[in-house]
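Structural characterization, general
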Amino acid sequence: MANPELEELTFENLPASFFERLLRAVFAAHKVAAEECSATFDHPEAENILGFYRRAKLEGFMRDVARMERVHAEVVRSKKSSWNHTELRSGPIVLTASSVQTPCDLVEEADFRRTLARDSQGFLWPEPGDEPEPDAQLYVLLLHSKSRWMNRDDQARFGHLPGSAYLAYPAPDLSSYVHEINLFERFPRVIESLLPQEWDSEAKVRYLHNTRQVVTA
């Protein structure tokens, strides 16, 4: 399936309003987690727990978005693990969220991601001349990263902002992505409404530049 077809299939089953709310959920999870960890823990412990807290907030917010958009949400306990994760499903689309180190970085391997990527990518590589099976699924990752700032003051004031938000379509072995969508660029008006009001145009451009995936040869 070609990249435009992947996007068409995704947005046919999950409307723009869903992704607009999902973007707001990403910003809210980063902000609430930063504020509550800072208020509850000393700095060393806040640093240790922040990623886990942010994950928990986003998973809950995802289920809230799913209820508002009438998308099926399911909490799944990973096999051989005590961890739960949220799966959002609409038509053939299966979406989970993952934090990555840099914009659209490769996601860490986990049993549930390996299983979903292996079993849910019938749309990507059907046999030559074949159509995908009627129950074929398409696994999509919502990737988000934290922002990084050069000086301490900016980090303290704006470190709660996410560093990126992408949709990524993983290969069956999770070794690469066959297609990516930068949600910041897809929904600029939503992003504009979420940025600090005191920022001028230069500050916004600089921030958005840093949210883009760095492509290496």
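Now for a look at the structure at hand.

Parameters and conventions
- Residues numbered from 1 in each chain as written.
- Predicted model: local features only at pLDDT ≥ 70, side-chain atom pairs only at ≥ 80, totals over all residues.
- Heavy atoms only, no water.
- Salt bridge = Lys/Arg side-chain N within 4 Å of Asp/Glu carboxyl O.
- Helix = DSSP H or I, 4+ residues; strand = E, 2+ residues; numbered from the N terminus.
- Core = buried A, V, L, I, M, F, W, Y, C linked by side-chain atoms within 4.5 Å.
- Buried < 20%, exposed > 50% of the residue type's maximum accessible area, 1.4 Å probe, protein only.
- Contact = heavy atoms within 4.5 Å.
- Pairing = 2+ DSSP bridges.
- Phe/Tyr/Trp six-rings, centres within 6.5 Å; stacked < 30°, edge-to-face > 60°.
- Expected span 1.5 Å × (residues − 1).
- Bend = angle between axes of the 7 residues up to and from the residue.

1. Digging into the pattern of salt bridges
Within the structure shown, the criterion is met by 12 salt bridges. Between arginine 186 and glutamate 7 there is a salt bridge whose closest N-O contact spans 2.5 Å. Placement of arginine 186 in helix α6 (residues 183–186) and of glutamate 7 in helix α1 (residues 3–13) is noted, with a sequence separation of 179 residues between them. Note that arginine 157 is salt-bridged to glutamate 198, the shortest N-O span being 3.4 Å. Linking arginine 157 in helix α5 (residues 152–158) with glutamate 198 in the loop between α7 (188–194) and α8 (201–210), this pair joins segments that are 41 residues apart in sequence. Bridged by salt links that share partners, the residues Glu109, Asp111 and Arg114 form one connected network.

2. Comments concerning the nonpolar core
By size, the foremost hydrophobic cluster in this structure holds 38 residues, and its most contacted members are Phe18, Phe19, Leu23, Leu95, Leu142, Leu167 and Leu183. Looking at this core, the element that brings in the most residues is helix α2 (residues 16–40), giving eight residues. Excluding residues that lie within four positions of it along the chain, phenylalanine 18 makes contacts with Val65, Glu69, Val71 and Leu88. Within the second largest apolar cluster, 15 residues are counted, among which are Phe112, Leu116, Ala117 and Tyr177.

3. What to know about the pairing of strand β3 (residues 93–99)
The buried count for β3 comes to six of seven residues, which makes it a mostly enclosed element. Sheet topology places strand β2 (residues 84–90) next to β3; three bridges connect them, and they run antiparallel. Within β3, the position partnered with serine 90 by the bridge is isoleucine 93. Hairpin connection of β2 to β3: two residues between the antiparallel strands, including glycine 91 at a positive phi of 60°. Both β3 and strand β4 (residues 138–146) contribute to a ladder of seven bridges, which runs parallel. Across the sheet, leucine 95 pairs through a bridge with valine 140, a residue of β4.

4. Some remarks on the packing of aromatic side chains
Applying the stated rule across the entire model yields 10 aromatic pairs. Seen from their ring centres, phenylalanine 18 and phenylalanine 19 are 5.0 Å apart, and the 80° between their planes marks the pair as edge-to-face. Grouping residues by exposure puts phenylalanine 18 and phenylalanine 19 together as buried. Geometrically, the ring pair formed by tryptophan 149 and phenylalanine 158 is tilted, given 5.6 Å between the ring centres and 50° between the ring planes. Given a relative accessible area of 22%, tryptophan 149 falls into the partly exposed group. What links up through ring pairs into an aromatic cluster is the set Phe27, Trp149, Phe158, Phe184, Trp199 and Tyr207.

5. Here's the deal with helix α3 (residues 43–69)
Residues separated by three or four positions in an α-helix point in the same direction, a consequence of the helix having 3.6 residues per turn. Given a rise of 1.5 Å per residue, 27 residues ought to cover 39 Å, and the 37 Å separating the end C-alpha atoms of α3 matches this to within 8%. The largest bend along α3 reaches roughly 45° and is located at isoleucine 49. Residues of α3 that are buried: Ala46, Arg54, Leu58, Glu59, Gly60, Met62, Val65, Ala66 and Glu69. Where the residues of α3 are buried, they touch α2, β1 (72–77), β2, β3 and β4. One or two residues past the end of α3 sits arginine 70, with phi positive at roughly 60°.

In short, geometric facts, not functional conclusions.
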